[in-house]
Amino acid sequence: MILIAILAGTLVAGIGSVWLAAALSFGVLARYTQHMLSLAAGALMGTAFLHLLPEAFESQLGAQQLFLALLVGLVFFFLLDKAELWHHGHEHHHDEVHQPHHDHAHQHSAGNWAVLTGDSVHCFGDGILIASAFMADLRLGAIAAIAVLAHEVPHHMGDLMVLRQSSSNRQAALLKVSLAGAVTALGGVVGYWLVEQLRAYLPYFLVVASSSFVYVALADLIPQLQKRLSLRETLSQIAWLLMGIGLVTLVSTLVHGR
């Protein structure tokens, strides 16, 4: 039952985020791109601080050990970011704005597989994090899957834009990124086996999942929202951020019935 739930959650997060990214990049939802950043940031922080961390701290492990794990996790994801495996989507997207056209045609052609490889590694890690949450509680797993889906959308939008630079075929780009997203399910299966073998360390897995969510929200998404905006735009941004927090709370209520 848990493995089936993990597979369902990881496929929804991994592939669903790609399709939503395509709708935001190419379709009628393009106007909501900035709103999705706020929604994703709220969902990530809400999941980490309101669900995953409280669950981890209900264990018999001491607060100092868990806070140390949180700190180590944040440093780890910072280093992973430096290795250009964690935020490759946004980095490539920003590069397109600043580099001459004749340069990035060659770079994107040569770098497409690097982008997809990095995306696959990222998605594999997301699958392990989702599996860890499901192993603790079905409610936590559902919340984590929604949070991953939300924060993967901006990354996949960057991937789709990079792939489109070397090909005008939207369907081919969507298929390639969808296959990378499907690797989330493989990570879920590996995560299920790993956590099953190391169940005593489950609180640490939850803290590491929390650290990844917090890092992505504060180091990646929030800085993109720190722009000089009108009062109306700022209030809209805050509203979508709160909607992200409310979304994970709603999912928790529906799944757990409380």
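Residues numbered from 1 in each chain as written. Predicted model: local features only at pLDDT ≥ 70, side-chain atom pairs only at ≥ 80, totals over all residues. Heavy atoms only, no water.

Trainee: Honestly, the overall build of the protein in this entry has me stumped. Any pointers?
Mentor: Looking only at helices and strands, the protein has nine helices and zero strands in total. Listed N to C, the secondary structure of the protein is α-α-α-α-α-α-α-α-α in terms of helices and strands. Here the protein, with 258 residues, has 48% of them falling under the buried criterion. Counting only contacts in the protein whose residues sit at least 6 apart along the sequence, the fraction spanning at least 24 positions is 84%. Of the roughly 12400 Å² of accessible surface on the protein, a fraction of 67% belongs to carbon and sulfur atoms. (Helix = DSSP H or I, 4+ residues; strand = E, 2+ residues; numbered from the N terminus. Buried < 20%, exposed > 50% of the residue type's maximum accessible area, 1.4 Å probe, protein only. Contact = heavy atoms within 4.5 Å. Areas by Shrake-Rupley, 256 points an atom, 1.4 Å probe, with all protein chains shown as cover.)

Trainee: It is not clear to me how the pattern of salt bridges should be interpreted in this structure. Could you clarify?
Mentor: A side chain of one charge can pair with a side chain of the opposite charge if their charged atoms are brought near each other. As enumerated under the stated definition, the model contains two salt bridges in all. The partner of Arg199 in a salt bridge is Glu196, with the nearest N and O atoms 3.2 Å apart. Looking at Arg199, the relative accessible area reads 39%, which means it is partly exposed. The class of Glu196 is partly exposed, set by a relative accessible area of 38%. (Salt bridge = Lys/Arg side-chain N within 4 Å of Asp/Glu carboxyl O.)

Trainee: It is not clear to me how the packing of aromatic side chains should be interpreted in this structure. Could you clarify?
Mentor: Aromatic rings considered in pairs are described by the distance between their centres and by the relative angle of their planes. Under the definition given, this model contains three aromatic pairs. Between the aromatic rings of Phe57 and Phe67, the centroid separation amounts to 5.2 Å while the plane-to-plane angle is 55°, which identifies the pairing as tilted. Note that Phe57 is positioned in helix α2 (residues 33-57) and Phe67 in helix α3 (residues 63-82), a separation of ten residues in sequence. For Phe57, a relative accessible area of 32% translates into the label partly exposed. Judged by centre distance (5.2 Å) and plane angle (70°), the ring pair of Phe76 and Phe77 falls under edge-to-face. (Phe/Tyr/Trp six-rings, centres within 6.5 Å; stacked < 30°, edge-to-face > 60°.)

Trainee: Before we go on, may I ask you to explain the environment of Ile15 in this structure?
Mentor: Structurally, Ile15 is set in helix α1 (residues 2-26). With 164 residues separating them in the primary sequence, Ile15 and Leu179 have C-alpha atoms 7.8 Å apart. In contact with Ile15, other than residues within four places in its own chain, are Thr10, Ser178, Gly181 and Ala182.

Trainee: Would you mind going over a nonpolar patch on the surface with me for this structure?
Mentor: Nonpolar side chains collect at one region of the surface, where Leu68, Leu71, Val72, Val75, Phe78 and Leu79 lie side by side and expose about 560 Å² of accessible area between them. Inspection of the secondary structure assignment puts Phe78 in helix α3. (Patch = residues over 30% accessible without salt bridge, like charges linked within 9 Å, V, L, I, M, F, W, Y side chains within 5 Å.)

Trainee: It is not clear to me how the nonpolar core should be interpreted in this structure. Could you clarify?
Mentor: General note: in soluble globular proteins, nonpolar side chains tend to be found buried as a group. Counting 46 residues, the largest nonpolar core has Leu44, Leu52, Ile130, Leu202, Val207, Phe213 and Leu221 as its most contacted members. Contributing elements (two or more residues each) for this core: α1, α2, α3, α5 (101-136), α6 (138-166), α8 (202-225) and α9 (231-256). Residue contributions to this core peak at twelve residues, all from α8. Not counting chain neighbours up to four residues away, the residues in contact with Phe213 comprise Leu44, Thr47, Ala48, Leu52, Leu129, Ala144, Ala147 and Val148. Among the nonpolar cores identified, the runner-up in size contains 14 residues, and Ala22, Val153, Leu163 and Ala173 belong to it. (Core = buried A, V, L, I, M, F, W, Y, C linked by side-chain atoms within 4.5 Å.)

Trainee: I keep staring at the confidence of the model for the protein and nothing clicks. Help me out?
Mentor: Low pLDDT means the predicted coordinates in that region are not meant to be read closely. Confidence in the prediction of the protein, expressed as mean pLDDT, is 82, and 84% of residues score 70 or more. Segment residues 86-108 is flagged for pLDDT under 50; beyond a separation of four residues in sequence, or across chains, it makes 45 contacts in the model. (pLDDT = per-residue confidence, 0-100.)

Trainee: What is the right way to look at the packing of α2 against α8 in this model?
Mentor: The packing of two helices is summarised by the inter-axis angle and the distance between the axes. At their nearest, the axes of α2 and α8 sit 8 Å apart, and the two run at 155° to each other. One finds that α2 runs roughly antiparallel with respect to α8. When the axes of α2 and α8 are compared, the crossing they make is left-handed. Here the residues of the contact of α2 with α8 are counted per class, giving 22 nonpolar, five polar and one charged. (Axes fitted to C-alpha atoms, helices over the stretch in contact; angles between N-to-C directions. Parallel < 35°, antiparallel > 145°, perpendicular 65-115°, else oblique. Left-handed = near helix turned anticlockwise from the far one by under 90°. Nonpolar A, V, L, I, M, F, W, Y, C, P; charged D, E, K, R; others polar.)

Trainee: Would you mind showing me how to read the packing of α3 against α8 here?
Mentor: Contact geometry of α3 with α8 gives a least axis separation of 8 Å together with a crossing angle of 45°. Viewed along their axes, α3 and α8 adopt a mutual orientation that is oblique. The two elements α3 and α8 cross, and the hand of that crossing is right-handed. Two secondary-structure elements touch here, α3 through Gln65, Leu66, Ala69, Leu70, Gly73, Leu74, Phe77, Phe78 and Asp81 and α8 through Pro203, Tyr204, Val207, Val208, Ser211, Ser212, Val214 and Tyr215.

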